[in-house]
Amino acid sequence: MNRKKLMALVLMITVVMQGLVGCSSSKTDEVVVTYKGGKLTAADIEAHREIMKRIKLFRDNPQALTNEAVVEHAANMELIIAKALKEKLHEDPRMKAEIHGFMSNMFLKTMQGTLVPNIDPKSLSEQQLREFYEKHKKSYAAPAQYGLRIIKSDNEKTLKKLKQEIDSGKLSFSDAAKKHSLDKQSAKNGGYIGLRQLIQLPPGLHEDLPKMAINQVSDIKTANKHFYLFQLLEKPEPHQYSYEDKAPFIRNDLLYSKYKDAWKETYEKLKKEFDLKIDQSAVKKLQEKKPEPVVKPQPDKSGTTDRG
């Protein structure tokens, strides 16, 4: 979203927040601009000036930020918003989602310190860190990995013939990969694809690999409409890192966990405060499709094309 659209969105959000009326500050603040449905006070204008200072055009040319220019810019944005509201664009679900997304992010930055107070990393004791490590010990372990060569083919019969030649010793797996594999990147290295975890490999290998011996060639496997041969070259054993090995990471992980729990508790409180209810039967009926716009802007029948 470019800066001009962002400006309009910021101001539209302000209008929507105030009950779909124009910007305003205190009742005693001097009114500078009025229009049908709203007004801009001196405080509004000065707030708008601060926004304009961040726009590149004015950041590089601050002398252009005259009172007249700021008022005109603010008024023009208000008129755009007033026109959009008149056309009921804020009722379009996609527009509403954009506005609410921006509002929630903006308000979150302002309120996050009060919704969830900051947690000092130094407040985490050694005992808390060690208990967290023991509870999540598996996450501080390097899983088993497998160093593999592959041959990728789109012809199963060709791959069967290659396997026979490799198994009989007439052809090395490396040479076969260089000459026949469709995976050009690994073919340059004799089919070597490096160390991989099981989760990164086709499901058909998950049971075979742990049982395979070094240099053994797999049966033909199928994945994504292609056929594969794998040769196991190395099999590093899984490694459990000690608390001392991962102490700095454990502190960060525990801190993240505490923030996660704190936000979860905060959202539960907000649900009660605002009596949140979710219709699960309606949730099940939701479809992942692009919503149709509720309203469409109507052409201006005033006969003028001046955009001011």
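Here, the structure is the one placed above.
Remember, it's a predicted structure, so these values are computed and weren't measured experimentally.

### A word on the overall build of the protein chain
From N to C terminus, the protein chain includes 11 helices and 8 strands. Out of the 308 residues in the protein chain, the part that is buried amounts to 29%. Taking the contacts inside the protein chain whose residues are at least 6 apart along the sequence as the reference set, 66% of them involve residues at least 24 apart. Total accessible area computed for the protein chain in this model is approximately 21,500 Å², and 53% of it derives from carbon and sulfur atoms.

### Side note on the packing of helix α2 (residues 42-53) against helix α4 (residues 67-86)
Two quantities define a packed helix pair, namely the angle between the helix axes and the distance between the axes. Two elements in contact, α2 and α4, have axes whose closest approach is 9 Å; the angle formed by their N-to-C orientations is 95°. Here α2 lies roughly perpendicular to α4, going by the angle between them. On α4, the residues touching Ile45, His48, Arg49 and Met52 of α2 are Asn67, Ala69, Val70, Val71, His73, Ala74 and Met77. Broken down by class, the residue content of the contact of α2 with α4 amounts to 7 nonpolar, 3 polar and 1 charged.

### Focus on the pattern of salt bridges
This structure, assessed with the given rule, holds 12 salt bridges. Close ionic contact of arginine 130 with glutamate 126 constitutes a salt bridge, the shortest N to O distance being 3.3 Å. Taken as a pair, arginine 130 and glutamate 126 lie in helix α6 (residues 126-135) at a separation of 4 residues, close to a single helical turn. Among the salt bridges present, the one from lysine 163 reaches aspartate 167, with a minimum N-O distance of 3.2 Å. Linking lysine 163 with aspartate 167, this pair stays in helix α7 (residues 156-168), spanning 4 residues, or about one helical turn. What makes lysine 163 buried here is its relative accessible area of 15%. Aspartate 167 gets classed as exposed once you look at its relative accessible area, which sits at 51%. Counted as one network, the salt bridges with shared partners bring together Glu126, Arg130 and Glu244.

### Points about the environment of aspartate 253
Mapping aspartate 253 onto the fold places it in helix α10 (residues 243-273). With 124 residues separating them in the primary sequence, aspartate 253 and leucine 129 have C-alpha atoms 9.3 Å apart. Ignoring anything within four residues of it in the chain, the contact list for aspartate 253 reads Phe132 and Tyr140. For aspartate 253, the side chain forms a polar contact with the side chain of tyrosine 140, separated by 2.6 Å.

### As for unusual backbone geometry
Of note in this structure, asparagine 215 is not a glycine but carries a positive phi near 75°. Of note, asparagine 215 is situated in the loop between β5 (192-196) and β6 (221-223). You can call asparagine 215 partly exposed: its relative accessible area is 48%. In this structure, lysine 225 takes a positive phi of about 65° despite not being glycine.

### Remarks on the nonpolar core
Tyr146, Leu148, Ile150, Ile193, Leu201, Leu205, Leu209, Met212, Ala223, Tyr228, Phe230 and Leu232 together form the largest nonpolar core, which totals 12 residues. Elements supplying a minimum of two residues to this core: β4 (146-153) and β7 (226-234). When neighbours within four sequence positions are excluded, leucine 148 is seen to be in contact with Gly191, Tyr192, Ile193, Gly194, Leu201, Leu209, Phe230, Gln231 and Leu232.

### Things to note about the side chain of arginine 49
Mapped onto the fold, arginine 49 is located in helix α2. The class of arginine 49 is buried, set by a relative accessible area of 11%. A polar contact of 2.7 Å, which involves the side chain of arginine 49, links it to the side chain of asparagine 67. Sequence-distant contacts of arginine 49, defined by excluding residues within four places in its chain, comprise Leu65, Thr66, Asn67 and Val70.

Definitions and cut-offs
- Residues numbered from 1 in each chain as written.
- Predicted model: local features only at pLDDT ≥ 70, side-chain atom pairs only at ≥ 80, totals over all residues.
- Heavy atoms only, no water.
- Helix = DSSP H or I, 4+ residues; strand = E, 2+ residues; numbered from the N terminus.
- Buried < 20%, exposed > 50% of the residue type's maximum accessible area, 1.4 Å probe, protein only.
- Contact = heavy atoms within 4.5 Å.
- Areas by Shrake-Rupley, 256 points an atom, 1.4 Å probe, with all protein chains shown as cover.
- Axes fitted to C-alpha atoms, helices over the stretch in contact; angles between N-to-C directions.
- Parallel < 35°, antiparallel > 145°, perpendicular 65-115°, else oblique.
- Nonpolar A, V, L, I, M, F, W, Y, C, P; charged D, E, K, R; others polar.
- Salt bridge = Lys/Arg side-chain N within 4 Å of Asp/Glu carboxyl O.
- Polar contact = N/O pair within 3.5 Å; in protein donor to acceptor, adjacent residues only side chain to side chain.
- Core = buried A, V, L, I, M, F, W, Y, C linked by side-chain atoms within 4.5 Å.

Remember that the coordinates give geometry; whether it matters functionally is a separate question.
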